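A look at the structure
If you want the building blocks of each chain, they are given just below.
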Amino acid sequence: VRIKEKHYGEDHVEVASTLSNLANVHQRQGDYDQAKVLYRRALRIMQKHYGEDHVAVSPTMNNLANAFLYQGDYDQAKGLYQRAIDIKQKHYGEDHVEVASTFNNLANVLQHQGDHVDVAKVLYQRAVRIKEKHYGEDHVEVASTLSNLANVHQ
């Protein structure tokens, strides 16, 4: 990070990319607090560079939401996932696989919260339809989302 900051400047998208990669490592190691610090900084840089509604900010927003989800902060995760969905739908349209992936993530949060299970089911079903259309019925992405949907019915 320091090398890229020195070369490009502290607020360059190359720095944001490296920050996100480092945050991914911290998240995989279970250090969610440090991951959130790094994702937030990366997100600020991306938003400054591209604008708050640009599709390029949505992956970092989604990753930050994941960190909140893993820590059980469902309200923060839900807000970020919803914002990512809005951005992706605006850019890709309603039925894009990128939107479906974030539907799946938002449904996961709602399922964990327990009081929005019906909405979670609808989101999982919508994600399944989009993924089937994109990948075909016999794809691992479809199976994964179907598994999530089945868990809601338990």
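Our subject in this report is the structure included herewith. Computed from a predicted structure; not experimentally measured.

**Thoughts on the packing of aromatic side chains**
To describe a pair of aromatic rings, you give the distance between the ring centres and the angle between the ring planes. Overall, the coordinates contain one aromatic pair when judged by the stated rule. Judged by centre distance (5.5 Å) and plane angle (50 degrees), the ring pair of tyrosine 32 and tyrosine 70 falls under tilted. Of this pair, tyrosine 32 sits in helix H3 (residues 32–50) while tyrosine 70 sits in helix H4 (residues 58–70), placing them 38 residues apart in sequence. Under the relative-accessibility criterion, tyrosine 32 is labelled partly exposed at 22%.

**What about the pattern of salt bridges?**
Applying the stated criterion across every chain yields a total of six salt bridges. The salt bridge partner of arginine 83 is aspartate 53, with a shortest N-O separation of 2.0 Å. Taken together, the residues span a long stretch of sequence, with arginine 83 in helix H5 (residues 74–92) and aspartate 53 in the loop between H3 and H4 at a distance of 30 residues. Among the ionic pairs, lysine 88 bridges to glutamate 98, the shortest N-O distance being 3.6 Å. Note that lysine 88 is positioned in helix H5 and glutamate 98 in helix H6 (residues 97–113), a separation of ten residues in sequence. Residue lysine 88 is classed as buried on the basis of its relative accessible area of 5%. Residue class for glutamate 98 comes out partly exposed when judged on its relative accessible area of 33%.

**Here's the deal with the nonpolar core**
Met61, Tyr81 and Phe103 are the most contacted members of the largest nonpolar core, which totals 39 residues. Mapped onto this core, the elements with two or more residues apiece are helix H2 (13–28), H3, H4, H5, H6, helix H7 (117–135) and helix H8 (140–152). Setting aside residues no more than four positions away along its own chain, phenylalanine 103 makes contact with Ile85, Gln89, Glu94, Leu123, Arg126, Ala127 and Ile130.

Quick notes on the rules
- Residues numbered from 1 in each chain as written.
- Predicted model: local features only at pLDDT ≥ 70, side-chain atom pairs only at ≥ 80, totals over all residues.
- Heavy atoms only, no water.
- Phe/Tyr/Trp six-rings, centres within 6.5 Å; stacked < 30°, edge-to-face > 60°.
- Helix = DSSP H or I, 4+ residues; strand = E, 2+ residues; numbered from the N terminus.
- Buried < 20%, exposed > 50% of the residue type's maximum accessible area, 1.4 Å probe, protein only.
- Salt bridge = Lys/Arg side-chain N within 4 Å of Asp/Glu carboxyl O.
- Core = buried A, V, L, I, M, F, W, Y, C linked by side-chain atoms within 4.5 Å.
- Contact = heavy atoms within 4.5 Å.

Honestly, that's just the spatial picture; any functional story needs more than this.
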